[in-house]
Amino acid sequence: MRVNVVKRAKKLLTPALGWDTELVVRRARGAEVETKGGKKFLDFSCGTATTNIGHCHPKVVSAAKHQINNLVHAGGVYFYDSIVKVAEELKAITPGAIDMFFFSNSGAEAIEGAMKLAKSVTHRPAILSFRGAFHGRTLGCVSISSSNVKYRKNYEPLLSSVYRAPFANCYRCPYGQHRDSCAFECIQFIRDVFKHEVHPEQTAAIIFEPVQGEGGYIVPPSEFIKFLRDFSREHGIMLIADEVQTGFGRTGKWFACDHFGIEPDIIVMAKGIASGFPLSALGAPTKIMKQWAPGAHGTTFGGNPVSCAASVATIKAIREEKMLENCQKLSTEAFSRLQKMKNDNPLVGDVRGLGFMIGVEFVDRDGGPNPEATEKVLNQCLEAGLILISCGVSGNVIRFIPPLNITREQLHRGLDIFETSLQAVAEEELGVAHA
Ligand SMILES: Cc1ncc(COP(=O)(O)O)c(C=O)c1O
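Quick caveat, the model's predicted, so the values are computed rather than measured.

This paragraph deals with the packing of helix 3 (residues 58-68) against helix 11 (residues 305-320). Across the interface, helix 3 lies against helix 11 with an axial gap of 8 Å and an inter-helix angle of 150 degrees. Overall, the two elements helix 3 and helix 11 adopt an arrangement that is roughly antiparallel. Taken as a pair, helix 3 and helix 11 cross one another with a handedness that is right-handed. Taken together, the residues of helix 11 that come into contact with helix 3 (itself represented by K59, V60, A63, A64, H66, Q67 and I68) are P305, V306, A309, A310, V312, A313, T314, K316 and A317. For the contact of helix 3 with helix 11, a count of residues per class yields eleven nonpolar, three polar and two charged.

Encoded structure:
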């Protein structure tokens, strides 16, 4: 007898790898996935913020098929069109003077490359990263990540000369302050790190996510980001923006840095770059990149011809089908409905985000994290046909990351399911009936 896929997977695949659901999907199109049993689900997870233009977009599928028929692998031995085309497209959409790229396969790999580039160019050892950051799972990336201690446990010793500062989290301010009356203690902390712990002249890079992802969908005030830009420029430190999750229209602009009006020295991209084909990139202005000596970095599979073709098609589709505009317009509607749910429902402590990178934080009666209620809402949504995933150190933030080209009907259908599930869980947890 044919045993269920999940059972077989659990016997064969390491438990280290977690899965958000036990759905077995046989096909997916746009904002929907269909299970082997024929049930359809709205996918507001986008395979963890990756299928930004929906599953199997016809233009991406066609570009990939065409490329597969001609050249699948080059391994750094010969040149091919698609890698140059995607670099040209990236040059046009990345902030400011960024005009030269290195392609790899995953977000973590590109982050490793960015750290190596910063060290190589500055000849300095130290890196500053932020509490709550998630940059990937290689040992180098784990060293600069602190979204959750489970990613670090048993892996010490990690990279040395990594320093950390709290991120500007205005909902749960580490200093107990409020945004309208604070003195930017978070900025002062960073200044103090450079006074007490590591000299700016010894620091290769400050690495940050413009909106923290895994850490809980935290949008910092623009003053914080501007400080990072100014301070790093003043001291010759490379500012690395990890746009792995925030990039490719996720926040309603090509990159989240565009919201803050800053240009990083190095930008890191992955996830939505090629609609699910494995591809990542780091980009920097030529004057920085040309200081990276030939042979100082490399790859066999990075910049795969098929992934590059899929990426070119993805970028063109976002532009041609006005997906940034669609995201901006519909995100306003999503925010206003979610804000109303927050006002009506004590389980929701905060609604925040940019574009279609929206986090809904669940709280208990005292305002503390409420992962139990979060889990119940996720399960009820799944039962009713909506896939959502969580984030945050306590697992109490639900992320809304639908495709940028979702229709209004699909978006509101998903929000209806969420609202109904939220009300049911609130009644169960708090005994409160909501209108
Ligand atoms: C902000 C950020 N950086 C880096 C990564 C690592 O990317 P990958 O899983 O492709 O290695 C992730 C993955 O979730 C991420 O969200």
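After that view, the rundown keeps rolling.
So, about the sheet that holds strand 3 (residues 40-43). Read from one edge of the open sheet, four strands run 1-2-3-13, paired in mixed fashion. Of all strands in the sheet, those bounded by a partner on one side alone are strand 1 (25-29) and strand 13 (386-387). In the sheet, strand 1 pairs with strand 2 (residues 32-35) via four bridges, with the strands oriented antiparallel. By the bridge assignment, V25 is partnered in strand 2 with T35.

Looking only at helix 3, the buried set comprises V60, A63, A64 and Q67. Along the long axis of helix 3, the arc covered by the buried residues comes to 95 degrees, so they all point the same way. The exposed set on the far side of helix 3, more than 90 degrees from its buried face, consists of P58 and K65.

Rules used throughout
- Within every chain, residues take consecutive numbers counted from 1 along the sequence as written.
- Residues qualify for local features only when their pLDDT is at least 70, as the model is predicted, and side-chain atom pairs are given and counted only at 80 or more; totals for whole chains, interfaces and linings, by contrast, use all residues.
- The convention used is that axes are lines fitted to C-alpha atoms, helices contributing only their stretch in contact, and that angles between N-to-C directions extend from 0 to 180 degrees.
- Each helix corresponds to a stretch of at least 4 residues labelled H or I by DSSP, and each strand to a stretch of at least 2 residues labelled E; elements are numbered beginning at the N terminus.
- Should an angle fall under 35 degrees it is called roughly parallel, over 145 degrees roughly antiparallel, and 65 to 115 degrees roughly perpendicular, with every other angle called oblique.
- The crossing is said to be left-handed when, going from far helix to near helix, the turn is anticlockwise and less than a right angle, and right-handed when the turn is clockwise.
- For every residue pair, C-beta atoms are placed from the backbone, and the pair is scored as a contact if these atoms sit within 7 Å.
- When residues are sorted by character, Ala, Val, Leu, Ile, Met, Phe, Trp, Tyr, Cys and Pro go into the nonpolar class, Asp, Glu, Lys and Arg into the charged class, and all the rest, Gly among them, into the polar class.
- Two strands form a pair only when DSSP identifies at least two bridges running between them.
- The exposure scheme places C-beta atoms from the backbone and then counts, for each residue, the other C-beta atoms within 10 Å of its own, assigning buried at 20 or more, exposed at 12 or fewer, and partly exposed in between.
- Arc definition: directions from the helix axis to the C-beta atoms.

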